[in-house]
Amino acid sequence: MHIVVISHSYPTTKTIDFVFVDQLCRAFADEGHDITIIAPQSITKCVVRRIPIVRFKSTIITEGGNTISLYRPFWVSLGMRMGKLRLFRNSFNKAVNRVLCKITKPIDVIYGHFWAQAIAAMDFAHKRNIPVFAVAGEGELKTHCKMTPEAIKNVRQRIQGCICVATKSKRESIEAGFVTEDKCRVFPNAINPNLFYPRNREKMRDKYGFAKDDFIIAFVGQWNSRKGVNRLCAALRQINNSRMKAMFMGKGGEKPIYQHTIFSGTVNHDILPEMLSCADVFVLPTINEGCSNAIVEAMACGLPIISSNMEFNWDVLNESNSVMINPLDIDQIANAIELLYNDKNLRLTLSNGALQTASELTISNRAKNILDYIKLNIQNKKQ
């Protein structure tokens, strides 16, 4: 099949945005499919955030030696919020459709990574009878809030299928009116096991200059209120144990403040598994997700998880691999950290559980399952 994947962003040599899209597209290609990616780049963000501008068209070579065509047209994302209205909101859609019109090879499937991206191509696809599949994985689905009931109905009638990263994403998509339950399947996010696996902790700590006997807590994510970086800092300050060191891997407006921080900043994706392997536990007191890639990656590195007892986590976290807490309760976060600090046997049990869960969440398995689902839906439509 020739699958055109539409994504809001794409990783570059300087950024790690949407690495999960890159990994999935590579897996699709290595399953023998022809993949074209359209990932418009915001000229505004390039200027304001000094993100490097990349060429309009490039070729990606996968691990299996297959090629992917990547298009990065420009769009304008700068706008003033006026209630639900964002000026220039059509700029992204126009950028996508400019590229779609230039593609000469027949398109079998359009795969929109998140609802807004699928909707961007729906008129194009409808005129040409191309099936459109959407990925539901937004932290919070708001796309429908900007649409009329008639426009939502059109989406529901035109969508061929919805790949949901979590049961929460499925529920939200149905409640938004975008899709019916019979057109949804849940496939949690996954990892590349060739990259994310446990390294020797002692060797990794020696490599990065961390003490062998410290208890290290890892956090990966944006430094903001949603991810809970300051709630984690507050819990660690409340515990006040100098042996508890913290690594805050990410960036954002809420810079983590904790006296015993041993690392703070961004990490290249290929280095991340080594950093995670230095840690004893992974903590993410997030209040909203689709399905957290950071949690799945941490599990694949053998880390016990402390995270939110909320719907978006229930497809991958349970008592076998995690301690689940109220992410807004500092005391619960602190108590969970102290519990694992004091109970080595529990850490080992949860570590083994995390590895077992992650072993079933590989990117190749996810790609095969999604492709099988797409093929089956297309066949059913033809019958």
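For the structure, see preceding data.
Residues numbered from 1 in each chain as written. Predicted model: local features only at pLDDT ≥ 70, side-chain atom pairs only at ≥ 80, totals over all residues. Heavy atoms only, no water.

J.: Explain helix α13 (residues 344–359) to me, and be specific about the residues and the numbers.
T.: For α13, spanning 16 residues, the distance from its first C-alpha to its last is 23 Å, which sits close to the expected 22 Å at 1.5 Å a residue. Of all the residues in α13, the buried ones are Arg347, Leu350, Ser351, Gly353, Ala354, Thr357 and Ala358. Seen from one end, α13 has its buried residues packed into an arc of 170°, which puts them on one side. For α13, the exposed residues lying more than 90 degrees away from the buried face are Asn345 and Leu348. Taking the backbone nitrogen of Asn345 as reference, a side-chain oxygen 3.3 Å away marks Asp343 as the first, capping residue of α13. (Helix = DSSP H or I, 4+ residues; strand = E, 2+ residues; numbered from the N terminus. Expected span 1.5 Å × (residues − 1). Buried < 20%, exposed > 50% of the residue type's maximum accessible area, 1.4 Å probe, protein only. Arc of directions from axis to C-beta. Polar contact = N/O pair within 3.5 Å; in protein donor to acceptor, adjacent residues only side chain to side chain.)

J.: Lay out the packing of aromatic side chains in plain terms, naming residues and giving numbers.
T.: Per the counting criterion, the structure on display carries 12 aromatic pairs. Following the ring pairs from residue to residue traces out a cluster consisting of Phe18, Phe20 and Phe114. Over the face of the ring belonging to Tyr197 we find Arg199, whose NZ or CZ atom lies 3.8 Å from the ring centre. (Phe/Tyr/Trp six-rings, centres within 6.5 Å; stacked < 30°, edge-to-face > 60°. Lys NZ or Arg CZ within 6 Å of the ring centre and 35° of its normal.)

J.: I'd like a rundown of the environment of Pro131, residues and numbers included.
T.: As for its position among the elements, Pro131 is in the loop between α5 (122–128) and β10 (132–136). Aside from chain neighbours lying at most four places away, what touches Pro131 is Asp108, Val109, Ile110, Gln160 and Ile378. (Contact = heavy atoms within 4.5 Å.)

J.: Talk me through the sheet that holds strand β14 (residues 244–249); I want residue IDs and the actual numbers.
T.: Strands in a sheet are paired, the pairing made by backbone hydrogen bonds, and the direction either parallel or antiparallel. Taken in spatial order, the six strands of this open sheet run β15-β14-β13-β16-β17-β18, and their pairing is parallel. Only two strands of the sheet have a single partner each, and these edge strands are β15 (261–265) and β18 (322–325). The mean inter-strand angle of the sheet, taken between neighbouring strand axes irrespective of direction, is 20°. Pairing between strand β13 (residues 215–220) and strand β16 (residues 281–284): two bridges, direction parallel. Residue pairing in the sheet places Ala218 in a bridge with Phe282 of β16. Each of β13, β14 and β16 touches helix α9 (residues 229–239); the most contacted strand, β14, lies at about 170° to it. (Pairing = 2+ DSSP bridges. Axes fitted to C-alpha atoms, helices over the stretch in contact; angles between N-to-C directions.)

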